[in-house]
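One letter stands for each residue in the lines below.
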Amino acid sequence: MTRLCVSILLSLIALTNARPKTAPEQKCKSGPVDLVFIIDSSRSVRPHEFETMRKFMIDILDTLDIGADATRVGVIQYSSQVLNEFSLKTHFKTEAMVKGINEIIPLAQGTMTGLAIKYTMNVAFTPEAGDRPKVPNVAVIVTDGRPQDRVAEVAAEAREKGIEIYAVGVARADMTSLRAMASPPFEDHVFLVESFDLIHQFGLQFQDKLCGLDMCAESDHGCEHICESSPGSYHCLCLPGYTLNTDGKTCSGNTHTHTHTHRDTPSRVTNYRKYDSCSVYTHQHIPKTSVNVCVCVCVCVFVSAAIDLCAQGKHDCEQVCISSPGSFTCDCNKGYTLNAEDKKTCTTIDLCAQGKHECEQVCVSAPGVYTCDCNKGYTLNADKKTCTHMDLCNSVEHGCDFQCVSTPGSFYCICPEGQLLQDNGKSCGTCKSANIDLVFLIDGSKSVRPQNFELVKKFVNQVVDSLDVSAQGTRVGLVQYSSRVRTEFPLNMYHTAEDIKAAVMKVDYMEKGTMTGLALKHMLENSFSEAEGARPAARNIPRIGLVFTDGRSQDDITEWAKLTKEAGLTMYAVGVGKAVEDELSEIASDPVEKYFYYTTDFSAINTIAENLKLNVCPAESQGEIEVKDPCACESLVEFQQATMSSMEQLTQKHILPNKNPNDKNIPR
């Protein structure tokens, strides 16, 4: 279409008049948002005020596009504590959220706003609670009073983590605190209303800000020339040469104009160009107006120009945008496929999950491709698809005493006939009782005396010498008692016999009373706990307690002596001097004659140590049950019989003549 200008003419081409618009209530379509309401439910919020706050949240929900892939909402209430009513991943339907809000019971305590912000930052906006990456985080704090804790630092930390904070104060709220909490600029994020009844005013403004509504496009703005949107509002401007009148909408000017309407001009943004003999000028349609302006000398030619929505970023393609005049289509990168539901988002092509691979054992997926791998104990062949079993016995340090047997991805050890595999799974032996947890409970009362206490320590070390001490073998702990109980070292402190013996010799003598019952209680409740190094009961490693005392207990031992054995402990009782036989028998496990030892003198306790076999097979543990008098008749008879038997064996081996003269290898 061509227009001829006789002189310099200012043409105002009005496409349409500013149209009145009564928009139906619509859902926010600005994009996904993770929104958390932080609601003050302190005692100063009266019941009817809390109901107004409840309605305020529901009214905002009704305008949002709620969904797992749209806007997610969580609600937290706080007073002196913080209570999560529902998280971002709890509900994806408005009805369910409304039900959750209506079921909130106010806490009615203090006002710990800083604590609530910290909880929101560290818990509410986390992936575990439903927070999504690259989705805006928005928090709305509604409070009616001054915080009872510090808010400035924690709010600053939350804002640094990308949380946009709106602070809504009602009635008694402190403006300084609101500004300390809110995101800048404060005029957009801080709201103070006189009562809860007016809180809906913030709701309307917040809806506009959250949804990013273009107030020029969505309202009857009434601007004569130009309407310019601002968050939640708009204002009018005039064309060059005009001034805005006091009504804030109409414009005035002295320039002579000629106005006419282009009814065939496209309603979209239109580029138009002016051609003359000297140069070419391009003029843009003024955004958010219904006016095109062209200053011409001779001929104005209006040409509709294609709009590249992809280049302008006016699309919602997840990966690839393909532009067409005034429109676009979405596509995906290699290895991804376009989702049929929205034609915008993309999903990884998982060839492994689709079974479109040739891997024998393990398929490792990447977008649109895959690689093969093998299970533990197998190696990938040259074809990069099939696997071959690895013989781990020949490729690792297996540590088996006798023989290693390979299995797919592992191995195990076996022992020769007549021997058993030990608890370490590698060693062979004649029995499996080499590992125990042993706690010595030694009497350090005043009656023992210092010189005898040194003999007791040597007794302990003599027993330790017979043990296979290690972290995986036998563990040893030591407890001393008198009027009180003291752990000298627990089961998990030392792992070599040398370290244990050195620690024993450093033990200081306690003196005072003899509280054997208290000591048994301590051993059961503490010494054989996993915290102090006892191995789990499920491993069936014997737990052995050895009680050494020289006198009568000053407290009752009956209950704790019984409980130790009911707990599965094997109890040895060793008494010296004035030790009471009845008490020792009560402490010892059954059969008593196997676990009860006694001697009248400290100087003989080394003999008891030699007879104690705590760390060997059951067949070897049937040794002497008491220290025998070497001068007793039966001892002399046993000694004579043993001596005669040994002499006979020596005679058979070395003295008798060779009865086979043809065998020259046997000495005569």
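What counts, and where the lines are drawn
Residues numbered from 1 in each chain as written. Predicted model: local features only at pLDDT ≥ 70, side-chain atom pairs only at ≥ 80, totals over all residues. Heavy atoms only, no water. UniProt positions renumbered as here; feature names shortened; annotations may be inferred. Helix = DSSP H or I, 4+ residues; strand = E, 2+ residues; numbered from the N terminus. Buried < 20%, exposed > 50% of the residue type's maximum accessible area, 1.4 Å probe, protein only. Contact = heavy atoms within 4.5 Å. Areas by Shrake-Rupley, 256 points an atom, 1.4 Å probe, with all protein chains shown as cover. Arc of directions from axis to C-beta. Axes fitted to C-alpha atoms, helices over the stretch in contact; angles between N-to-C directions. Parallel < 35°, antiparallel > 145°, perpendicular 65-115°, else oblique. Left-handed = near helix turned anticlockwise from the far one by under 90°. Core = buried A, V, L, I, M, F, W, Y, C linked by side-chain atoms within 4.5 Å. Phe/Tyr/Trp six-rings, centres within 6.5 Å; stacked < 30°, edge-to-face > 60°. Nonpolar A, V, L, I, M, F, W, Y, C, P; charged D, E, K, R; others polar. Pairing = 2+ DSSP bridges. Salt bridge = Lys/Arg side-chain N within 4 Å of Asp/Glu carboxyl O. Patch = residues over 30% accessible without salt bridge, like charges linked within 9 Å, V, L, I, M, F, W, Y side chains within 5 Å. Lys, Arg positive; Asp, Glu negative; His and termini not counted. Charge placed at Lys NZ, Arg CZ, Asp CG, Glu CD. Expected span 1.5 Å × (residues − 1). Right-handed = clockwise from strand over helix to strand, strands pointing away.

As recorded by an unreviewed UniProt entry, the protein chain carries the name Matrilin 4 and is attributed to Gadus morhua. Per UniProt, the protein chain carries the Subcellular location (unreviewed entry) text "Secreted".

(A) Main features of the overall build of the protein chain. Within the protein chain, the secondary structure is distributed over 16 helices and 35 strands. Per-residue burial over the protein chain gives 40% buried out of 668 residues. Excluding contacts between residues fewer than 6 apart, the proportion of contacts in the protein chain whose partners are at least 24 apart in sequence is 62%. Summed over its atoms, the accessible surface of the protein chain is roughly 36600 Å², and 52% of this surface lies on carbon and sulfur atoms.

(B) Quick peek at helix α4 (residues 152-160). Listed in full, the buried residues belonging to α4 are V154, A155 and A158. For α4, the angular spread of buried residues about the axis comes to 100 degrees, placing them on one side. As for α4, its buried residues are in contact with α3 (113-124), β7 (163-170) and α5 (175-181). A positive backbone phi angle near 95 degrees is found at G162, which sits one or two residues after α4.

(C) Representation of the packing of helix α11 (residues 516-527) against helix α12 (residues 558-566) within the structure. Packing of α11 against α12 brings their axes to within 8 Å, and their N-to-C directions diverge by 25 degrees. By the angle class used here, α11 and α12 are roughly parallel. Once α11 is placed against α12, the crossing between them reads as left-handed. Between α11 and α12, the residues in contact are G517, L520, K521, M523, L524 and E525 and W560, A561, L563 and T564, respectively.

(D) Structural view of the nonpolar core. With 55 residues, the main nonpolar core has F440, F459, L520 and F548 as its most contacted residues. Looking at which element gives the most residues to this core, the answer is helix α9 (residues 450-465), with six residues. Beyond its immediate stretch of four places on either side in the chain, F548 contacts L441, I442, D443, V456, F459, Y481, V574, V576, F602 and I605. Among the nonpolar cores identified, the runner-up in size contains 29 residues, and F50, M53, V142 and F191 belong to it.

(E) Region of interest: the packing of aromatic side chains. Inspection of every chain in the model, using the stated rule, returns five aromatic pairs. With 6.2 Å between their ring centres and 80 degrees between their planes, F37 and F56 make a pair best called edge-to-face. Within this pair, whereas F37 is found in strand β3 (residues 34-40), its partner F56 is found in helix α1 (residues 47-63), the two being separated by 19 residues in sequence. Overall, F37 belongs to the buried group, its relative accessible area being 0%.

(F) The arrangement of the packing of α9 against helix α10 (residues 497-505) in detail. The interhelical angle for the contact between α9 and α10, taken along N-to-C directions, is 170 degrees, at an axis separation of 9 Å. Taken together, the axes of α9 and α10 are roughly antiparallel relative to one another. Residue-level inspection shows E454, K457, V460, N461, V464 and D465 of α9 in contact with α10, the latter providing A497, I500, K501, V504 and M505. For the contact of α9 with α10, a count of residues per class yields six nonpolar, one polar and four charged.

(G) Local environment of the sheet that holds strand β32 (residues 485-489). Read across the open sheet, the six strands follow the order β32-β31-β30-β33-β34-β35; overall the sheet is mixed. The sheet is open, and its two borders are formed by β32 and β35 (596-599), each paired with just one other strand. Adjacent strand axes in the sheet meet at a mean angle of 20 degrees, parallel and antiparallel pairs treated alike. Sheet analysis places strand β30 (residues 437-443) next to strand β31 (residues 475-481), joined by seven bridges and oriented parallel. Looking at β31, one finds that F440 is bridged to L478. In this fold α9 packs onto β30, β31, β33 (543-549) and β34 (570-576), with an angle of close to 170 degrees to the strand it touches most, β30.

(H) Just the pattern of salt bridges, in detail. Taken as a whole, this structure holds 16 salt bridges when the rule is applied. Its salt-bridge partner being E49, residue R46 comes within 3.5 Å of it at the nearest N-O pair. Assessed through its relative accessible area of 11%, E49 is described here as buried. The salt bridge involving E157 is made with K161; its shortest N-O contact spans 4.0 Å.

(I) Layout of the sheet that holds strand β6 (residues 137-143). Read from one edge of the open sheet, six strands run β5-β4-β3-β6-β7-β8, paired in mixed fashion. A strand with exactly one partner marks an edge of an open sheet, and here the two such strands are β5 (82-86) and β8 (190-193). Across this sheet, the average inter-strand angle for adjacent strands is 20 degrees, counted without regard to direction.

(J) Structural detail: unusual backbone geometry. With an omega dihedral of -5 degrees, the bond running from P184 to P185 counts as a cis peptide bond. By secondary structure assignment, the location of P185 is in the loop between α5 and α6 (186-189). Along the chain, D590 connects to P591 via a cis peptide bond; the corresponding omega equals -5 degrees. In this fold, P591 is placed in the loop between α13 (581-587) and α14 (592-595). Phi angles above zero are rare outside glycine, and K343 is one such case at about 55 degrees. Following the sequence through the fold, K343 ends up in the loop between β20 (336-338) and β21 (346-348).

(K) Up close: a negative patch on the surface. Among the surface-exposed residues, D69, E318, E341 and D342 lie close enough to one another that they form a single negatively charged patch. With respect to the helices, strands and loops of the structure, D342 is situated in the loop between β20 and β21. Overall, the relative accessible area of 31% leaves D342 in the partly exposed class.

(L) Region of the structure containing α9. The first and last C-alpha atoms of α9 sit 23 Å apart over 16 residues, in line with the 22 Å expected at 1.5 Å per residue. Regarding α9, the residues found buried are N452, F453, V456, K457, F459, V460, N461, V463 and V464.

(M) Inspection of the pairing of β7 at higher detail. Across the eight residues of β7, seven count as buried, placing the element largely inside the fold. Here β6 runs beside β7; their pairing, made up of seven bridges, is parallel. If you follow I141 over to β7, its bridge partner there is A167. The parallel pair β6 and β7 is bridged by α4, and the resulting crossover is right-handed. Bridging between β7 and β8 involves four bridges; their strand directions are parallel. What sits directly across from G169, in β8, is L192.

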